[in-house]
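Structure at a glance
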Amino acid sequence: MITKQNFDELVKKYETTDFIKDDPIQFPHLFSGKEDIEIAGFLASMFSYGNRKAFIPKLKELFKIMGMKPYEYVLNFDINTPDLNDFDYRFSKGCDIKEIILILQKLYKEHSSLEELFEYGWAMHKTIKGMLIVVSDYFYSNVQNKVSKGFYHLIPDAKKSSALKRMNMFLRWMIRKSDVDLGVWTFLPLSELIIPLDVHVGRLSVQTGLIKKSNGDFKTAVEITNALKEFDKNDPVKYDFALFGYGVNN
């Protein structure tokens with residue numbers, strides 16, 4: 001089994017600014033205002049599945065359409081604009097991203113920030129799972145126009161057993177403050193974050209002895225996180241960088 005010292009060394013090596021340029025976290029790093037950062041992070045995390053060589057160019061295209069002003073674009077968005085009609089990525093179509101932007105527009109016109117929605121969910125449940133159910137329910141309950149199944153892939157149903165990898169990744173970006181993570185949200189303790197789990201992370205967690213078996217679900221993500229708390233109970237998700245580094249080296 002890999003040791004705490006091994007993991008700490010990997011974190012030190014890979015949690016650096018050099019990590020940003022090849023990762024989807026590069027997109028919220030393009031902005032300085034809180035609203036721009038959280039919108040860019042939310043959108044970037046949603047599209048972060050499949051091959052990076054496919055989704056990173058797509059995200060560059062999306063932010064170019066937004067004029068590199070995501071908050072302003074969301075506030076002034078008109079569903080009749082043709083900007084996003086032909087924008088698609090794998091399961092998702094233009095109608096899906098347009099609906100997400102409309103719902104974000106409603107949220108920002110009625111509340112101060114995207115953080116407020118997540119904080120409300122946290123205050124209600126005091127669990128990541130419960131909080132993310134509130135978030136997905138908010139988006140689902142505010143759909144007003146026709147969408148494809150791609151909408152529900154971009155905004156996963158937190159009631160189901162999936163690992164919610166992209167949502168947990170987004171939370172890491174927003175809550176942790178480091179050379180890589182932006183740390184613009186303050187309501188959630190670092191100790192409550194859940195490891196962003198995909199097939200790769202699950203396999204590495206088994207190889208390093210953190211867990212015996214990965215089922216690729218939310219329960220497994222919690223199990224891995226609890227194992228990482230043995231190394232650092234206050235900030236277990238920093239070891240996401242160690243698992244990344246272990247994969248690179250092995």
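Below or above, wherever it landed, is the structure these notes cover. Everything quoted here is computed from the prediction, not taken from an experiment.

**A short note on the overall build of the protein**
- Of regular secondary structure, the protein possesses twelve helices and zero strands.
- Listing each helix as α and each strand as β along the protein from the N terminus yields α-α-α-α-α-α-α-α-α-α-α-α.
- Its C-alpha atoms give the protein principal-axis dimensions of about 55 × 35 × 30 Å.
- Taken over 250 residues, the protein has a buried fraction of 54%.
- A sequence separation of at least 24 residues applies to 68% of the contacts in the protein between residues at least 6 apart.
- Accessible surface for the protein amounts to roughly 11,600 Å². Of this, 50% is attributable to carbon and sulfur atoms.

**As for helix α1 (residues 4–14)**
- Within α1, burial applies to F7, L10, V11 and Y14. Viewed end-on, α1 has its buried residues packed into an arc of 100°, placing them on one side of the element. The outward face of α1, more than 90 degrees from its buried face, is lined by the exposed residues Q5, K12 and K13.
- Tucked into the core, α1 has its buried residues touching α11 (218–228) and α12 (240–249).

**Observations regarding the packing of aromatic side chains**
- Taken as a whole, this structure holds 25 aromatic pairs when the rule is applied.
- Plain terms: the ring middles of F42 and F170 are 5.4 Å apart, the flat faces sit at 65° to each other, and that makes the pair edge-to-face. Note that F42 is positioned in helix α2 (residues 34–46) and F170 in helix α9 (residues 165–175), a separation of 128 residues in sequence.
- Residue classification places F170 among the buried positions, given a relative accessible area of 0%.

**A closer look at the packing of α1 against α12**
- Between α1 and α12, whose axes approach to 8 Å, the crossing angle comes to 90°. The angle between α1 and α12 falls in the class roughly perpendicular. Residues F7, L10, V11, K13 and Y14 of α1 pack against F241, A242, L243, F244, G245, Y246, V248 and N249 of α12.
- Of the residues assigned to the contact of α1 with α12, the class counts are ten nonpolar, two polar and one charged.

**Some thoughts on the packing of α2 against helix α3 (residues 52–65)**
- Two elements in contact, α2 and α3, have axes separated by 10 Å at closest approach and are oriented at 145°. Judged by the sense of rotation from one axis to the other, the crossing of α2 with α3 is right-handed. Contacts from A40, L43 and A44 of α2 reach α3 at L59, L62 and F63.
- Considering only residue class, the contact of α2 with α3 consists of six nonpolar, no polar and no charged.

**Some details on empty space enclosed by the protein**
- The tally for this structure, following the rule as stated, stands at one cavity of 30 Å³ or more.
- Taken as a whole, the largest cavity encloses approximately 40 Å³ of empty space.
- Together, F42, S45, M46, L154, P156, R166 and M167 line the largest cavity.
- At the level of secondary structure, the elements contributing two or more residues to the lining of the largest cavity comprise α2 and α9.
- Counting residues per element, the lining of the largest cavity draws most heavily on α2, which supplies three residues.
- Partitioned by chemical class, the residues of the lining of the largest cavity number five nonpolar, one polar and one charged.

**Focus on the environment of M46**
- One can find M46 in helix α2.
- Through-space distance from the C-alpha of M46 to that of P156 is 9.1 Å; in sequence the pair is 110 residues apart.
- In contact with M46, not counting residues within four places along its chain, are I100, L154, I155 and R166.

How each quantity is defined
- Residues numbered from 1 in each chain as written.
- Predicted model: local features only at pLDDT ≥ 70, side-chain atom pairs only at ≥ 80, totals over all residues.
- Heavy atoms only, no water.
- Helix = DSSP H or I, 4+ residues; strand = E, 2+ residues; numbered from the N terminus.
- Buried < 20%, exposed > 50% of the residue type's maximum accessible area, 1.4 Å probe, protein only.
- Contact = heavy atoms within 4.5 Å.
- Areas by Shrake-Rupley, 256 points an atom, 1.4 Å probe, with all protein chains shown as cover.
- Arc of directions from axis to C-beta.
- Phe/Tyr/Trp six-rings, centres within 6.5 Å; stacked < 30°, edge-to-face > 60°.
- Axes fitted to C-alpha atoms, helices over the stretch in contact; angles between N-to-C directions.
- Parallel < 35°, antiparallel > 145°, perpendicular 65-115°, else oblique.
- Nonpolar A, V, L, I, M, F, W, Y, C, P; charged D, E, K, R; others polar.
- Left-handed = near helix turned anticlockwise from the far one by under 90°.
- 1 Å grid on protein atoms, 1.4 Å probe; cavity = no way out; pocket = protein on both sides within 12 Å on 5 of 7 lines; lining within 4 Å.
- Points joined across faces, edges and corners; volume = space filled by probe spheres on them.

Keep in mind that these numbers describe shape and distance, not what the molecule does.
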